[in-house]
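Survey of secondary and tertiary structure
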Amino acid sequence: MALDVQAAPVLDPEKVGSNRLVRSYSRARRSGAPAWWLQRVTGLALVVLTVGHYILMHYNPVSGHDYGETASRLASPWFKGIYLGFITIGMYHGLQGIWNIVRDYKLKPAVGLTIFGIIVVAGIIFVGVGWNTILTFDPTKP
Amino acid sequence: MTLEIIPEKGHAPATLPLPNFVNGATWISPLMSYTPNREPFSAWNKLILAYRRYSGSWAYILHRLTGIGLVVYLFIHIWALSSLTRGRAAFMQEMQTFTSPPWKVAEWLLGALVMFHAFNGIRIAIVDLGSGARYHKKLLAAVWVVGVAVVVGMFFLIFSTELFAK
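Let us look at the structure shown here. This structure is a prediction, so every number in the text was calculated from the model and none was measured.

Section: the packing of helix α3 (residues 33-58) of chain A against helix α5 (residues 77-102) of chain A
All names here are of chain A. The contact between α3 and α5 brings their axes to 9 Å, and the two run at 125°. With respect to each other, α3 and α5 are oriented oblique. The handedness of the crossing between α3 and α5 comes out as left-handed. Contact residues: α3 offers A35, L38, Q39, T42, G43, A45, L46, L49, T50, H53, L56 and M57, while α5 offers F79, I82, Y83, F86, I89, G90, Y92, H93, Q96 and G97. Here the contact of α3 with α5 is composed, by residue class, of 13 nonpolar, nine polar and no charged.

Considerations on the interface of chain B and chain A
At the interface, 49 residues of chain B touch 42 residues of chain A. In total, about 3,900 Å² of surface goes out of reach between chain B and chain A, with carbon and sulfur atoms giving 74% of it. Across the contact surface, chain B and chain A share two salt bridges. Residue D104(A) is joined to R64(B) by a salt bridge in which the shortest nitrogen-to-oxygen separation is 2.6 Å. Along the contact surface separating chain B from chain A lie 10 residue pairs in polar contact (both at pLDDT 80 or more). Elements represented by at least two residues in the side of chain B that touches chain A include exactly α2 (43-51), α3 (55-81), α4 (88-98), α5 (101-129), α6 (136-158) and α7 (160-164) of chain B. The greatest single-element share of the side of chain B that touches chain A, amounting to 14 residues, is contributed by α5(B).

A closer look at the packing of aromatic side chains
Both the distance between ring centres and the angle between the ring planes are used here to describe each pair of aromatic rings. Residue and element names in this part refer to chain A. The tally for this structure, following the rule as stated, stands at 13 aromatic pairs over all chains. Judged by centre distance (6.0 Å) and plane angle (55°), the ring pair of Y67 and F137 falls under tilted. Residue Y67 is found in helix α4 (residues 67-74), and its partner F137 is found in the segment after α6 (109-135); the two are separated by 70 residues along the sequence. Across this residue pair, the class does not change: Y67 and F137 are buried. Ring plane angle 15° and centroid distance 4.2 Å describe the contact between F79 and Y83, whose orientation is recorded as stacked. Taken as a pair, F79 and Y83 lie in helix α5 at a separation of four residues, close to a single helical turn. Each of the two residues, F79 as well as Y83, counts as buried.

Some remarks on a nonpolar patch on the surface
All names here are of chain B. Together, L62, L65, I68, V72, I76, W144, V148, V152, F156, L163 and F164 give the surface a local cluster of nonpolar side chains, amounting to about 1,000 Å² of exposed area. Elements with a minimum of two residues in the nonpolar patch: α3, α6 and α7. The dominant element in the nonpolar patch, judged by the number of residues it contributes, is α3, at five residues. Take V152: its relative accessible area is 42%, and that puts it in the partly exposed class.

Quick word on the pattern of salt bridges
Note that side chains of opposite charge can pair when their charged atoms are close. What the rule picks out here adds up to three salt bridges over all chains. One salt bridge connects D128(B) with R40(A), and the closest N-O pair in it is separated by 2.6 Å. Of the two residues, D128(B) is situated in helix α5 and R40(A) in helix α3; the pairing between them involves two chains.

Digging into the side chain of H63(B)
Position of H63(B) among the secondary structure elements: in helix α3. Excluding anything up to four places from it in sequence, H63(B) contacts F116(B), H117(B), N120(B), G121(B) and I124(B).

Quick word on the environment of T136(A)
Residues and elements named next belong to chain A. By the element assignment, T136 lies in the segment after α6. The partly exposed category is assigned to T136, whose relative accessible area is 43%. Separated by 2.6 Å, the side chain of T136 and the backbone oxygen of N132 make a polar contact.

Reading the values: the criteria
Residues numbered from 1 in each chain as written. Chains lettered and ligands numbered in written order. Predicted model: local features only at pLDDT ≥ 70, side-chain atom pairs only at ≥ 80, totals over all residues. Heavy atoms only, no water. Axes fitted to C-alpha atoms, helices over the stretch in contact; angles between N-to-C directions. Helix = DSSP H or I, 4+ residues; strand = E, 2+ residues; numbered from the N terminus. Parallel < 35°, antiparallel > 145°, perpendicular 65-115°, else oblique. Left-handed = near helix turned anticlockwise from the far one by under 90°. Contact = heavy atoms within 4.5 Å. Nonpolar A, V, L, I, M, F, W, Y, C, P; charged D, E, K, R; others polar. Buried area = accessible area lost by both parts, 1.4 Å probe. Salt bridge = Lys/Arg side-chain N within 4 Å of Asp/Glu carboxyl O. Polar contact = N/O pair within 3.5 Å; in protein donor to acceptor, adjacent residues only side chain to side chain. Phe/Tyr/Trp six-rings, centres within 6.5 Å; stacked < 30°, edge-to-face > 60°. Buried < 20%, exposed > 50% of the residue type's maximum accessible area, 1.4 Å probe, protein only. Patch = residues over 30% accessible without salt bridge, like charges linked within 9 Å, V, L, I, M, F, W, Y side chains within 5 Å. Areas by Shrake-Rupley, 256 points an atom, 1.4 Å probe, with all protein chains shown as cover.

Shown next, in the form of C-alpha cells:
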C-alpha cells in the first residue's frame, strides 16, 4: 500500500503543559471508558427518542407545526418530563461526540482547553434555554 | 514450502488479476479498482485510497458528518422553539417560515441524517457491546435498507398535503 504510516511522536509530558488541568484535557491521560459507555447508553436511548420524535412531529403535515397540537402535548407532565430528559441527554451525547472528534486531532493544550470550555458553556446555556421553553410554556399567552 | 496469501472475504487481494494499465494507472476515481504500489497524487486521493476499500470506513466518516450536522441542527432547533415562550402569535409566525416548501424539503433531508446516525449507532453498539464485529457488514447493509425505507416513507407523510391534495 502506498500510504505512509508515521509513528506518533513521543512527547515529554512536562513540556506539553505545566498545568495538570490543561494536560488532562489536552491529551489522553485518562481512560475515557465511562464516557465511552455513557455514549453508547445515551445513544441507544436517543435512537428511540429521536426517531420517535421525528416521526411524531412529521406523521402528518401539522403535527409538529401547529400551536394547538404543541400546547396539548405540553399539557402532559409525562411529555414534559420525557422532553426535559431528551434535551439533556441529546445535548450531552452530541457535545460528547464533538469533543470526541476534537480529541482525535493533536491540539495545543490551551486550544484544547478553550474548545472544551466553549463546548461545556454552550451545552449548559442551550440545555437551559430548552428547559426554560418547556417549563415556562404558558398556553394562554396570546 | 510455499506461503499462500488468501485474502479475507470482502477484502482486496494482495494483487489483482488485472492488466497493468488498470493496476498501475495514475488517475484515481472511487469507481476504479484497487491500485497497489502507486503513489497517490493528492490528499483526497489518499483519503479515497484509504477509505474506499472498506464500507465500515465510509460508515465511520458518515457517522461523524451526520453527527456534526445533527448537533448544529440541535442548537438551531432549541433556539428556534424558544419562541413558544413568547406566545401563540410568535410561534405561528415562525412556523409560517418552517412550513414553506424549501424548509419542508430540508426537514425531510434532516430525517435522512437522523435515520443514518440512529441505525448506524445501533450497529456500533452491537459491534462494541455484542458480537457484531463478526457480521458488521451485514448490519451496515441492514442500516441502508431500513434507513432508505424509513426516509422514503417519511417523504409521503411530510408531503402528504402536496401529494394527495383533492
